[in-house]
Amino acid sequence: MNLTFSQMHDLAEAGLRASGIGSKAANETAQFLALAELDGLSSHGLARVAQYAAHAKNGRIELDPKMKVRPFKTAAALVDACDGLAFPALRFATDLSVNLASKNGLGLVAVNNSHHFGVAGHYVEAAARAGYISLLFGNTPAAMPMVGGTRAIFGTNPLAAAFPIESVDPLVIDMSLSAVARGKLLIAAKNGQSIPEGWALTAQGKPTTDPQEGLKGLMVPLGGDKGALLALIVELLVVGLSGSRFSYEADSFFDPQGNRPRIGQLILTIDPGLAGPTVFASRIQDFLKVLSADDGTRLPGQRRFQQRATGFSDGVTVSDVVVEEIQTGIRQLWTK
């Protein structure tokens, strides 16, 4: 089914509101879910509505949270998401980090008592469009083992970075530290599709092409041991600075029932003027000239922006299964 951004937003918002989620959280979450669809990232788009709605109905999130902010020294702060959906808290934390960086050169904001936060690149992109370098780290419910282990200890633990470029779209690097984002298994499961071998393992540690078994089991780390160690770095940074739960303490996002995840995120925003007001921009342009001379080079984030522009003008094809799931939930299930 082809939908415009407004239609995707309205459908997602209606589905979230029907589950009891407050108007502000539903509206801001729907904006990010629709944007993910525009960017071609359906694993973090409307497919998540039913998941969030189930968490709302089963008490895994606070329906109408009141965020709290605790400043720390000059250039840092802690945002308490108060068990709500993560999108409003991360949007606020991003703006706050930019504000701190504009005053102090750096802005470090940690978020705790949080939830699934969607596309990490969206937040750092916003900071880069304001003229700042930005990095974001987050932990997720346990899905990957430590090097040499067989038990899920830390999550896919996404990280993103964005770098401003004068007068054009920023460079945006966005990745989970598993071989693929776990949400791709969710999409495959909803559509009755298999997954390639090498994405996930069963709970017994065996390779699988069944997304349902993969969701119950383990994700394969990106790059083997190195990916696992990068995920460990993210875990220790995020949990140590935010006071959030470790990944192994949070029940899976893919289970309707369970505890409130209370995971965390950490965003670091940097004023690029450290070496002088024009040095960063000049050095980036030198680098881009070298890249552009290498035929076939694709800058990180550019495909996403191209898809976004096309989606805004032509609409986006959203899975009929996902649309029907939301519509059925609104009509029959989530409003009970």
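Look above for the structure.
Below is a summary of the structure that appears in this document. (Residues numbered from 1 in each chain as written. Predicted model: local features only at pLDDT ≥ 70, side-chain atom pairs only at ≥ 80, totals over all residues. Heavy atoms only, no water.)

Focus: the overall build of the chain
Put simply, the rule reads: Starting at the N terminus, helices and strands are each numbered in turn, a helix being any DSSP run of H or I of at least four residues and a strand any DSSP run of E of at least two. Here the radius of gyration uses the C-alpha set of atoms, whereas the globule reference equals 2.2 Å times the residue count to the power 0.38. Categorising residues by exposure relies on relative accessible area from a 1.4 Å probe, with only protein chains included: less than 20% of the type maximum marks a residue as buried, more than 50% marks it as exposed, and the intermediate range marks it as partly exposed. Charged residues are defined narrowly, with Lys and Arg counted positive, Asp and Glu counted negative, and His plus the chain ends left uncounted. Here the site of a charge means atom NZ of a Lys, CZ of an Arg, CG of an Asp or CD of a Glu.
Each helix and strand counted, the chain has 11 helices and 14 strands in total. Radius of gyration (C-alpha) of the chain: 20 Å, near the 20 Å computed for a compact globule of 336 residues. Taking the principal axes of the C-alpha coordinates as reference, the chain spans close to 60 × 45 × 45 Å. Counting over 336 residues, the chain shows a buried share of 51%. Of the charged side chains in the chain, 30 are positive and 30 negative; the average position of the first set lies 5 Å away from that of the second.

A word on the nonpolar core
Quick reminder of the rule: Residues grouped as a nonpolar core are buried Ala, Val, Leu, Ile, Met, Phe, Trp, Tyr and Cys residues, joined through side-chain atoms within 4.5 Å. We call two residues in contact when some of their heavy atoms are within 4.5 Å.
The biggest cluster of nonpolar side chains holds 75 residues, and the ones touching the most others in it are M8, I21, L46, L136 and V318. Ranked by residues supplied to this core, first place goes to helix α2 (residues 23–38) with 8 residues. Once you skip the residues sitting within four places of it in the chain, L46 turns out to touch M8, L11, A12, L33, A34, E37, V318, V322 and I326. Core analysis: the second largest hydrophobic core is formed by 6 residues, I165, F280, I284 and L288 among them.

Concerning the pairing of strand β8 (residues 159–165)
What counts, and what does not: A pair of strands is treated as paired once DSSP finds two or more bridges between them.
Of all 7 residues in β8, 6 are buried, a share of seventy percent or more. Taken together, the 4 bridges between strand β5 (residues 133–138) and β8 define a ladder with antiparallel strand orientation. Counted as the bridge partner of S134 is A162 from β8. With 6 bridges connecting them, β8 and strand β9 (residues 168–175) associate as antiparallel partners. By the bridge assignment for β9, A160 is matched with D174. Counting the residues between successive antiparallel strands, the hairpin from β8 to β9 contains 2 residues, one of them, S167, with a positive phi of roughly 75°.

Some thoughts on the sheet that holds strand β12 (residues 218–219)
Here we have 3 strands laid out as an open sheet, ordered β11-β10-β12, and antiparallel in their pairing. Since the sheet does not close on itself, it has two edges, and those belong to β11 (207–208) and β12, each with one partner. With 2 bridges joining them, strand β10 (residues 200–201) and β12 adopt antiparallel strand pairing. Bridging across to β12, A200 finds its partner in M219.

Thoughts on the sheet that holds strand β3 (residues 76–80)
Heads up, the rule is: Convention adopted: a line fitted to C-alpha atoms gives each axis, helices being fitted over their contacting stretch, and angles between N-to-C directions are expressed from 0 to 180 degrees.
In space, the 7 strands of this open sheet follow the order β2-β3-β4-β13-β5-β8-β9, with mixed pairing throughout. Looking at strand neighbours, the two that pair on one side only are β2 (68–72) and β9, the edges of this open sheet. Averaged over all pairs of adjacent strands, the angle between strand axes in this sheet comes to 15°, irrespective of strand direction. Where helix α8 (residues 225–242) meets the sheet, its contacts fall on β3, β4 (106–114), β5, β8 and β13 (263–270), and the angle it forms with β13 comes to roughly 95°.

Some remarks on the packing of α2 against helix α4 (residues 86–104)
Which entries qualify depends on this criterion: Every angle not falling under 35 degrees, over 145, or within 65 to 115 is termed oblique; those three ranges are roughly parallel, roughly antiparallel and roughly perpendicular.
Across the interface, α2 lies against α4 with an axial gap of 8 Å and an inter-helix angle of 80°. Of the possible angle classes, the one that applies to α2 and α4 is roughly perpendicular. Contacts between α2 and α4 pair K24, A25, E28, T29, Q31, F32 and L33 from the former with F87, P88 and R91 from the latter.

Quick notes on the layout of surface pockets
The probe, sized like a water molecule, is rolled over the atoms to show the empty space still left. Heads up, the rule is: Here a cavity is any set of points on a 1 Å grid over the protein atoms alone where a 1.4 Å probe fits but cannot get out, and a pocket is any open set with protein on both sides within 12 Å along at least 5 of 7 lines; a residue lines the site when it has an atom within 4 Å of a point. Grid points are joined across faces, edges and corners, and a volume is the space filled by probe spheres set on the points.
Taken as a whole, the largest pocket encloses approximately 680 Å³ of empty space. If you go around the largest pocket, you meet 29 residues; those closest to its centre are S43, H44, S176, V180 and A181. Among the secondary structure elements, those contributing two or more residues to the lining of the largest pocket are β9 and α6 (183–190). Considering each element in turn, the lining of the largest pocket owes the most residues, 3 residues, to α6.

Some words on helix α3 (residues 48–57)
Judged by how many residues are buried, α3 sits mostly within the fold: 9 of 10 residues are covered. Along α3, the positions that sit buried rather than exposed are R48, V49, A50, Q51, Y52, A53, A54, H55 and A56. Phi for G59, located one or two positions after α3, is positive at around 75°.

Points about the environment of L16
Examined against the element boundaries, L16 turns out to sit in helix α1 (residues 5–18). Its relative accessible area of 0% is what places L16 among the buried residues. Counting along the chain gives 38 residues from L16 to A54, while the straight-line C-alpha distance between them is 9.5 Å. Apart from residues lying up to four places away in sequence, L16 is in contact with I21, A26, T29, A30, V49 and Y52.

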